[in-house]
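# Observations on chain architecture
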Amino acid sequence: MVRSLLTSPKRGSRIAEADSVVVIGLGRFGTSLALELMSAGTEVLGIDSDEEIVQSLNGRLTQVVRSDSTNEEALRQLAVHEFDRAVVAIGTDIQASILTTSLLMRFEIPAIWAKAVSDAHGQIFEQLGVQHVIYPEKDMGRRVAHLVRGAALDYIEIDRDFAILKMSPNSLVLGVPLGESHIRSRLGVTVLAYKREGTGWKNADLSTVLHEGDTMLVSGPIAKAEAFGQLR
Ligand code: ATP
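Residues numbered from 1 in each chain as written. Predicted model: local features only at pLDDT ≥ 70, side-chain atom pairs only at ≥ 80, totals over all residues. Heavy atoms only, no water.

Core analysis: the largest hydrophobic core is formed by 24 residues, its most contacted members being Val-22, Val-80 and Leu-104. Those elements that provide at least two residues to this core are β1 (20-24), β2 (43-48), β4 (85-88), α4 (94-106) and β5 (111-115). In terms of residue count, the dominant contributor to this core is α4 (four residues). Residues within four places of Leu-104 in sequence aside, it is in contact with Ile-24, Leu-75, Val-80, Ala-86, Val-88, Ile-109 and Ile-112. Ranked by size, the runner-up nonpolar core spans 18 residues in total, among them Tyr-155, Ile-183, Tyr-194 and Ala-204. (Core = buried A, V, L, I, M, F, W, Y, C linked by side-chain atoms within 4.5 Å. Buried < 20%, exposed > 50% of the residue type's maximum accessible area, 1.4 Å probe, protein only. Helix = DSSP H or I, 4+ residues; strand = E, 2+ residues; numbered from the N terminus. Contact = heavy atoms within 4.5 Å.)

With that settled, consider the environment of His-211. Assignment of secondary structure puts His-211 in the loop between β10 (200-203) and β11 (215-221). Using a relative accessible area of 39% as the deciding quantity, one classes His-211 as partly exposed. Remark: the alpha-carbon pair of His-211 and Tyr-194, spanning 17 residues in sequence, is separated by 9.9 Å. Ignoring any residue separated from it by four or fewer positions in sequence, one finds His-211 in contact with Pro-169, Leu-174 and Arg-196.

Contacts to the ligand come from 20 residues, most closely from Arg-28, Phe-29, Asp-48, Asp-68 and Lys-115. Contact distances for the ligand include 2.8 Å between an oxygen atom and a backbone N or O atom of Arg-28. Residue Gly-91 places a main-chain N or O atom 3.1 Å away from an oxygen atom belonging to the ligand. In isolation the ligand offers 630 Å² of accessible surface; the protein chains occlude 83% of this area. Classifying every residue of the shell around the ligand by side-chain character gives six nonpolar, eight polar and six charged. (Near = heavy atom within 4 Å. Polar contact = N/O pair within 3.5 Å; in protein donor to acceptor, adjacent residues only side chain to side chain. Areas by Shrake-Rupley, 256 points an atom, 1.4 Å probe, with all protein chains shown as cover. Nonpolar A, V, L, I, M, F, W, Y, C, P; charged D, E, K, R; others polar.)

Along its sequence, the chain is carved into domain 1 (3-134) and domain 2 (139-229). The C-alpha centroid of domain 2 is placed 36 Å from the C-alpha centroid of domain 1. (Domains from an automatic or database assignment.)

What holds strands together in a sheet is hydrogen bonding between their backbones, with the strands either parallel or antiparallel. Read from one edge to the other, the open sheet built from six strands follows the order β3-β2-β1-β4-β5-β6, with strand pairing classed as parallel. Of all the strands in the sheet, just β3 (63-66) and β6 (132-134) have a single pairing partner and so form its edges. Strand after strand, the sheet turns through a mean of 15° between neighbouring axes, direction not considered. Sheet strands in contact with helix α1 (residues 28-39) are β1, β2, β4, β5 and β6, and its direction is about 165° off that of β1. (Pairing = 2+ DSSP bridges. Axes fitted to C-alpha atoms, helices over the stretch in contact; angles between N-to-C directions.)

What follows covers the side chain of Lys-115. Relative to the elements of secondary structure, Lys-115 occurs in strand β5. It is Glu-137 that comes nearest to the buried, bridge-free Lys-115 among opposite-charge side chains, at 4.7 Å. (Lys, Arg positive; Asp, Glu negative; His and termini not counted. Salt bridge = Lys/Arg side-chain N within 4 Å of Asp/Glu carboxyl O.)

This next bit is on the packing of aromatic side chains. The tally for this structure, following the rule as stated, stands at zero aromatic pairs. Stacked on the ring of Tyr-135, the Lys or Arg Lys-138 has its end atom at 5.0 Å from the ring centre. (Phe/Tyr/Trp six-rings, centres within 6.5 Å; stacked < 30°, edge-to-face > 60°. Lys NZ or Arg CZ within 6 Å of the ring centre and 35° of its normal.)

Now for the sheet that holds β11. In space, the five strands of this open sheet follow the order β7-β8-β11-β9-β10, with antiparallel pairing throughout. The outermost strands of the open sheet, each flanked by one partner alone, are β7 (154-159) and β10. If you compare each strand with its neighbour and ignore which way they point, the axes differ by 20° on average. Here five bridges tie β7 to strand β8 (residues 162-167), and the two strands are oriented antiparallel to one another. Each residue of the ladder has a partner; that of Tyr-155, found in β8, is Leu-165. Contacting β7, β8 and β11, helix α9 (residues 222-230) crosses the sheet at an angle of about 145° to β11.

Bringing the pattern of salt bridges into the picture now. Applying the stated criterion across every chain yields a total of eight salt bridges. Between Glu-157 and Arg-142 there is a salt bridge whose closest N-O contact spans 2.3 Å. A residue pair is termed long-range when its members are at least 10 positions apart, and Glu-157 in strand β7 and Arg-142 in helix α6 (residues 136-149) qualify at 15 residues. According to the relative accessible area criterion, Arg-142 is partly exposed, its value standing at 23%. Bridged by salt links that share partners, the residues Glu-72, Arg-76 and Arg-106 form one connected network.

Quick look at the structure:
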């Protein structure tokens with residue numbers, strides 16, 4: 001049976017079986033993340049030291065509590081040590097962010113995501129052994145730079161050298177089966193999927209023929225995918 005945040009967990013067992021996440025720090029980033037988790041059906045325990053923020057999220061998260069996350073006893077009382085997944089979304093107060101994250105590490109929470117506001121902040125997390133260090137401002141800035149300079153409708157960097165771009169089909173792929181466009185062998189990019197009015201997104205294959213008005217997802221090394229995106 002799936003255990004819920006709404007019922008108290010058995011001691012010594014972890015809560016993640018219930019698809020629950022603890023989000024610590026409910027600023028703009030933490031709140032947006034927590035609400036998105038809720039809308040996807042994940043239960044969220046939100047923790048923030050600011051009473052006004054806690055009040056404003058009351059009833060919108062499974063549970064939202066005012067507490068200082070640098071206080072080990074307070075976290076234990078909230079059963080934070082029993083979660084499998086935690087996000088530390090405290091930014092400006094770097095000391096609180098690091099203290100909180102090291103407490104979660106001491107609790108041996110298996111999956112911790114910690115938000116870094118600078119490279120130095122992120123390096124400390126990496127030295128602590130945090131598996132998932134996130135840099136929302138830096139990553140969003142880079143993403144928008146790619147959108148601003150190219151013709152892509154959306155840009156997702158998979159790694160430092162590989163990306164997926166959402167774009168309109170160009171003359172190289174319009175009206176011919178993708179297998180005959182030779183874009184992979186000639187230009188190093190692949191059409192992964194496409195969207196057509198009325199049918200929604202579908203995976204592309206060698207026989208797919210794209211039409212005007214479609215939208216496609218193209219993957220490839222960043223420079224090649226962007227160069228492809230510039231072609232008309
Ligand atoms: P954002 O950009 O997401 O709005 P930020 O990077 O400016 O956030 P802060 O405002 O410093 O980050 O922190 C986010 C939230 O974390 C705030 O709502 C703050 O009240 C909360 N917070 C800071 N320190 C603690 C703490 N020790 N315990 C619990 N919550 C904390």
